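Here's the letter readout for the chains.
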Amino acid sequence: MTIQELLKKKSEGKKITMLTAYDYPFARMVDEAGIDIVLVGDSVAMVVQGLENTLPVTMDEMIYHTRMARRGVANALVVGDMPFLSYQVSAEEAVRNAGRFIKEGGAHAVKVEGGMEAVPVVQAFTRAEIPVMAHIGLTPHAVHRMGFKVQGRGDKAAARLMEEARALEEAGAFAAVIEAVPMELAGRITETLAIPTIGIGAGPRVDGQVLVLHDVLGLFERFLPRFAKRYANLREEGMRAIRAFREEVEKGEFPSEKESFK
Ligand code: KIV
């Protein structure tokens, strides 16, 4: 998958798919299933590291996860998610950190959260030939300001979101994630932009959809956002297998002759 192919998909009205993955086995599954984009999301902080929000995850941890996930991908576009404070301090530091995702992590592109404040960073990445995906609407790095609430409700907020989307496209973003935004507004932004929009909690009138893999597979039990959908319950299946192992060991049934050497 390339950025050009994503643009072609938009122009042909074909839906784009994106899922998160943070390591080799899951990235391999996502890639083999034909998903267009593997996002090494900073949601790793919550669904893998067990943290309350995405703020504490570090650049070094994100690079580690990107390298693992990249090894499992043969076809998809790999996007590394820039963690909190890795791109907000200065454009120079942002470019250096984004460059690490490409050089050390093997990512094809990076993602940054934010509206107007992210425009100079997107411009700097574009000048440095680092493809960048924008992320507007509910931006989890701003959790302490905006909470986990739907964004863009009301005329003023909707107009601002539209303005941000246009400015980020103009700055050079190749796609934009739109999170937790009323579907009518997400649809209007999608019609206005030439670049693909990828929704999460933004309804069906966008160019593609993204979800957190651990929600899709039922591996994260703490909560399921209203906009997410569980397509499997691997936690239940995993618990069944782990309990079966425990019981067999305790009863002396495992290992049998079959799993032993003569
Ligand atoms: O970190 C992440 O997984 C994300 C997606 C929810 C878009 O940013």
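Residues numbered from 1 in each chain as written. Predicted model: local features only at pLDDT ≥ 70, side-chain atom pairs only at ≥ 80, totals over all residues. Heavy atoms only, no water.

**Points about the overall build of the protein**
Then comes step 1: Tallying secondary structure elements over the protein gives 11 helices and eight strands in all.
Then comes step 2: In the protein, which comprises 262 residues, the share counted as buried stands at 50%.
Then comes step 3: In the protein, of all internal contacts separated by at least 6 residues, the share reaching a separation of at least 24 is 58%.
Then comes step 4: When the accessible surface of the protein is totalled, it reaches about 13,600 Å², and 55% of it is carbon and sulfur.
Then comes step 5: On the protein, the mean spot of the 33 positive side-chain charges and the mean spot of the 36 negative ones are 2 Å from each other. (Helix = DSSP H or I, 4+ residues; strand = E, 2+ residues; numbered from the N terminus. Buried < 20%, exposed > 50% of the residue type's maximum accessible area, 1.4 Å probe, protein only. Contact = heavy atoms within 4.5 Å. Areas by Shrake-Rupley, 256 points an atom, 1.4 Å probe, with all protein chains shown as cover. Lys, Arg positive; Asp, Glu negative; His and termini not counted. Charge placed at Lys NZ, Arg CZ, Asp CG, Glu CD.)

**Structural notes on the pattern of salt bridges**
Then comes step 1: Applying the stated criterion across every chain, the model contains 15 salt bridges.
Then comes step 2: Of the charged contacts, one joins R28 and E32 as a salt bridge, the two residues approaching to 3.5 Å between their closest N and O atoms. In this pair, R28 and E32 both sit in helix 2 (residues 24–32), four residues apart, roughly one turn of the helix.
Then comes step 3: By relative accessible area, which is 39% here, R28 ends up partly exposed.
Then comes step 4: Measuring nitrogen to oxygen at the nearest pair gives 2.9 Å for the salt bridge that ties E104 to R100.
Then comes step 5: Shared partners join several salt bridges into a network, and the residues in it are K8, E12 and K14. (Salt bridge = Lys/Arg side-chain N within 4 Å of Asp/Glu carboxyl O.)

**Comments concerning the site of the ligand**
Then comes step 1: The immediate surroundings of the ligand are formed by T20, L39, G41, D42, S43, D81, K111, H135, I200 and V212.
Then comes step 2: Between an oxygen atom of the ligand and a side-chain N or O atom of D42, the distance comes to 3.0 Å.
Then comes step 3: At 3.1 Å from an oxygen atom of the ligand is found a side-chain nitrogen or oxygen belonging to D81.
Then comes step 4: Here the ligand loses 94% of its free accessible area of 260 Å² to cover by the protein chains.
Then comes step 5: In the shell around the ligand, the residues fall into three nonpolar, four polar and three charged. (Near = heavy atom within 4 Å. Polar contact = N/O pair within 3.5 Å; in protein donor to acceptor, adjacent residues only side chain to side chain. Nonpolar A, V, L, I, M, F, W, Y, C, P; charged D, E, K, R; others polar.)

**Side note on the packing of helix 6 (residues 119–127) against helix 8 (residues 155–171)**
Then comes step 1: Running from amino to carboxyl end, helix 6 crosses helix 8 at an angle of 20°, the nearest separation of the two axes being 8 Å. In terms of axis orientation, helix 6 runs roughly parallel to helix 8. The chirality of how helix 6 crosses helix 8 is right-handed. On the side of helix 6, the interface is formed by V119, V122, Q123 and T126, while helix 8 contributes A167, L168 and A171. (Axes fitted to C-alpha atoms, helices over the stretch in contact; angles between N-to-C directions. Parallel < 35°, antiparallel > 145°, perpendicular 65-115°, else oblique. Left-handed = near helix turned anticlockwise from the far one by under 90°.)

**Some words on helix 2**
Then comes step 1: By the burial criterion, the buried members of helix 2 are F26, A27, V30 and D31. End-on view of helix 2: buried residues confined to an arc of 135°, all on one side of the axis.
Then comes step 2: Where helix 2 begins, the side chain of D23 points an oxygen toward the backbone nitrogen of F26, at a separation of 3.3 Å.
Then comes step 3: Trailing helix 2 by a residue or two, G34 shows a phi angle of about 85°, which is positive. (Arc of directions from axis to C-beta.)

**Re the domain arrangement of the protein**
Then comes step 1: Structurally, the protein comprises domain 1 (3–231) and domain 2 (234–262).
Then comes step 2: Inter-centroid distance (C-alpha atoms) of domain 1 to domain 2 is 40 Å. (Domains from an automatic or database assignment.)

**Some words on the nonpolar core**
Then comes step 1: The biggest cluster of nonpolar side chains holds 78 residues, and the ones touching the most others in it are I37, V112, F125 and M133.
Then comes step 2: With seven residues, the single largest contributor to this core is helix 8.
Then comes step 3: Contact partners of V112, with chain neighbours within four places excluded, come to M82, Y87, A118, V121, V122, F125, V132, M133, A134 and H135. (Core = buried A, V, L, I, M, F, W, Y, C linked by side-chain atoms within 4.5 Å.)

**So, the side chain of H135**
Then comes step 1: Counting through the fold element by element, H135 comes out in strand 5 (residues 132–137).
Then comes step 2: When its relative accessible area of 4% is taken as the criterion, H135 is described as buried.
Then comes step 3: A distance of 2.7 Å separates the side chain of H135 from the side chain of K111, its partner in a polar contact.
Then comes step 4: Polar side-chain contacts of H135 include one of 2.8 Å to the side chain of E179.
Then comes step 5: Setting aside residues up to four positions removed in sequence, H135 forms contacts with K111, V112, E113, G114, P140, V177 and E179.

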